[in-house]
Amino acid sequence: MHIVLYGATSAIAHEIAKSYAKEKCHSFILVGRNEQRLQSCKLELIALGAVTVTTVTMDVTNSDSILNTTKNIIETSKSIDIAILAHGSLSNQDLASIDMNYLQSEFTINAVSFLLISQLIVNHFTLIGKGILIGLSSVAGERGRKGNYAYGSAKSAVTTFLSGLRHRNTNKDIHIMTIKPGFVSTPMTAHLPQSQISDSIPYPSIISVGV
Ligand SMILES: NC(=O)c1ccc[n+]([C@@H]2O[C@H](COP(=O)([O-])OP(=O)(O)OC[C@H]3O[C@@H](n4cnc5c(N)ncnc54)[C@H](OP(=O)(O)O)[C@@H]3O)[C@@H](O)[C@H]2O)c1
C-alpha cells in the first residue's frame, strides 16, 4: 500500500509508520518541515522493512505550500491508499491571548492545514474510488478550557470537519478515522508538569471514531 504521513517526524506518527513498515509491503511518503529528521525516520522505516520511502519538506503554516505540495504528492504517487495527518503544535495559550499573529499561525498549523490536506486527499480518494484517511485530533477539542482553547478550538474544527467528511462518504469505500488521544508522553508534551496536563486534558483515554 501507498501510505502518506503528514507530520511524519511526530512521535505518534512515527510509531504508526513503524508498525506498518514491519509488515514489509508498504511504500511511504514522509511529509515534514525538517529534512534531517525526515531522513532519520526514513532510515528506520527502511531498516524495518519499508519497500520505498520518499521524503517531502513542507511547512504547514503556508497555505500555498500545503496546496501545491499535496497536489504534487497526489500527482506523483498516482494512488494513495492511506493518508495519516499527525502534525500539530500544542499552542502556548498565554502567548495566543496577546499575540494575534501567533494565534493565527497556530490555528493554521492545527486546523486550516488539516482541513485543506484532508479535503484534497479525500477528493483524490473520490476519483480513485477508495482510501483511508486518519487524522490526529484531540480530546482537547471536546470543550473549551481556559488553559488551552487556542489549541482545543483548532482540534474541534478538525474533529467536526472529519466527521462531515465521514458522513459525506458513507456507503463508499472511503474511510475517515478520527483519533482523539488524551495525554501521550511525546516531545509535544515534554514541557508540561503533571498538574497542567490534568487541567487541560479532560479525559485520559484514546477514542477512535469510524473507519
Ligand atoms: N501528545 C499528546 O498528548 C497528544 C494528545 C492529543 C493529540 N495529539 C496530536 O497528535 C499529533 C501528533 O502529536 P505528537 O504528540 O506526536 O507530537 P510531536 O512529536 O511533537 O510532533 C509534532 C509534529 O508536528 C510537526 N509540526 C509542528 N509544526 C509544524 C509546522 N509548522 N510545519 C510542519 N510540521 C510541523 C512537527 O515537526 P518537527 O519534527 O519538524 O518539529 C512534528 O512532526 C498532533 O496532531 C497532536 O496535536 C497529541
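Model, not experiment: these values are computed from the prediction.

(A) View of the nonpolar core. Counting 52 residues, the largest nonpolar core has Val4, Leu5, Phe28, Leu30 and Ile84 as its most contacted members. With 7 residues, the top contributor of residues to this core is helix H5 (residues 100-128). Setting aside its immediate chain neighbours within four residues, Leu5 contacts Ala13, Ala17, Phe28, Leu30, Val31, Ile84 and Ala86.

(B) Focus on the environment of Asn62. Looking at where Asn62 falls in the secondary structure, it is placed in the loop between strand E3 (52-57) and helix H3 (63-77). Judged by C-beta crowding, with 14 C-beta atoms within 10 Å, Asn62 ranks as partly exposed. When the C-alpha positions of Asn62 and Ile109 are compared, they lie 8.7 Å apart, and in sequence the two are 47 residues distant.

(C) Geometry of the pairing of strand E6 (residues 174-180). With 5 of its 7 residues buried, E6 lies for the most part within the structure. Sheet topology note: the strand E5 (residues 131-136)/E6 ladder contains 6 bridges and is parallel. Counted as the bridge partner of Gly131 is Ile174 from E6. Between the parallel pair E5 and E6, the chain is carried across by helix H6 (residues 149-168), and the sense of this crossover is right-handed.

(D) Structural view of the pairing of strand E2 (residues 27-32). Across the 6 residues that make up E2, a large majority, 5, are buried. Summarising the sheet, strand E1 (residues 2-6) and E2 pair through 5 bridges and their orientation is parallel. Its bridge partner lying in E2, His2 is registered against Ser27. Direction of pairing for E2 relative to E3: parallel, over a ladder of 6 bridges. The residue bridging Phe28 from the neighbouring strand is Val53, located in E3. Read from E2 through helix H2 (residues 35-48) to E3, the crossover connection turns out right-handed.

(E) Fine view of the site of the ligand. Lining the immediate surroundings of the ligand are 26 residues, of which Thr9, Ser10, Gly88, Thr186 and Met188 lie closest. Here the shell around the ligand is built from residues that sort into 11 nonpolar, 12 polar and 3 charged.

(F) Quick peek at the environment of Tyr149. Within the secondary structure, Tyr149 sits in helix H6. The class for Tyr149 is partly exposed, based on 18 C-beta atoms found within 10 Å. The sequence separation of Tyr149 and His14 amounts to 135 residues, and the corresponding C-alpha distance is 27 Å. Sequence-distant contacts of Tyr149, defined by excluding residues within four places in its chain, comprise Gln93 and Gly144.

(G) Examining the environment of Pro181 more closely. Structurally, the position occupied by Pro181 is in the loop between E6 and helix H7 (194-200). Given 19 C-beta atoms within a 10 Å radius, Pro181 is considered partly exposed. Expressed as a C-alpha distance, the spacing of Pro181 and Leu127, which sit 54 residues apart in the sequence, is 31 Å.

(H) Representation of the confidence of the model for the chain. Of all residues in the chain, 91% attain a pLDDT of 70 or more, and the chain-wide mean is 92. Within the model, the stretch residues 198-211 combines pLDDT values under 50 with 32 contacts to residues more than four positions away or in other chains.

(I) Region of interest: H6. The end-to-end C-alpha distance of H6 is 28 Å, a good match for the 28 Å that 20 residues give at a rise of 1.5 Å each. Buried within H6 we find Ala150, Tyr151, Gly152, Ala154, Lys155, Val158, Thr159, Leu162 and Leu165. Tucked inside the fold, the buried residues of H6 contact helix H4 (93-98), H5, E5 and E6.

(J) Molecular detail of unusual backbone geometry. In this structure, Lys24 takes a positive phi of about 60° despite not being glycine. Classification of Lys24 by C-beta neighbours within 10 Å gives exposed; the count is 10. Unusually for a residue other than glycine, Asn171 sits at a positive phi of about 70°. Within the secondary structure, Asn171 sits in the loop between H6 and E6. Overall, Asn171 belongs to the exposed group, with 5 C-beta atoms counted inside 10 Å.

Reading guide: rules and limits
Residues numbered from 1 in each chain as written. Predicted model: local features only at pLDDT ≥ 70, side-chain atom pairs only at ≥ 80, totals over all residues. Core = buried A, V, L, I, M, F, W, Y, C linked by C-beta atoms within 7 Å. Buried ≥ 20, exposed ≤ 12 C-beta atoms within 10 Å, placed from the backbone. Helix = DSSP H or I, 4+ residues; strand = E, 2+ residues; numbered from the N terminus. Contact = placed C-beta atoms within 7 Å. Pairing = 2+ DSSP bridges. Right-handed = clockwise from strand over helix to strand, strands pointing away. Near = placed C-beta within 6 Å. Nonpolar A, V, L, I, M, F, W, Y, C, P; charged D, E, K, R; others polar. pLDDT = per-residue confidence, 0-100. Expected span 1.5 Å × (residues − 1).

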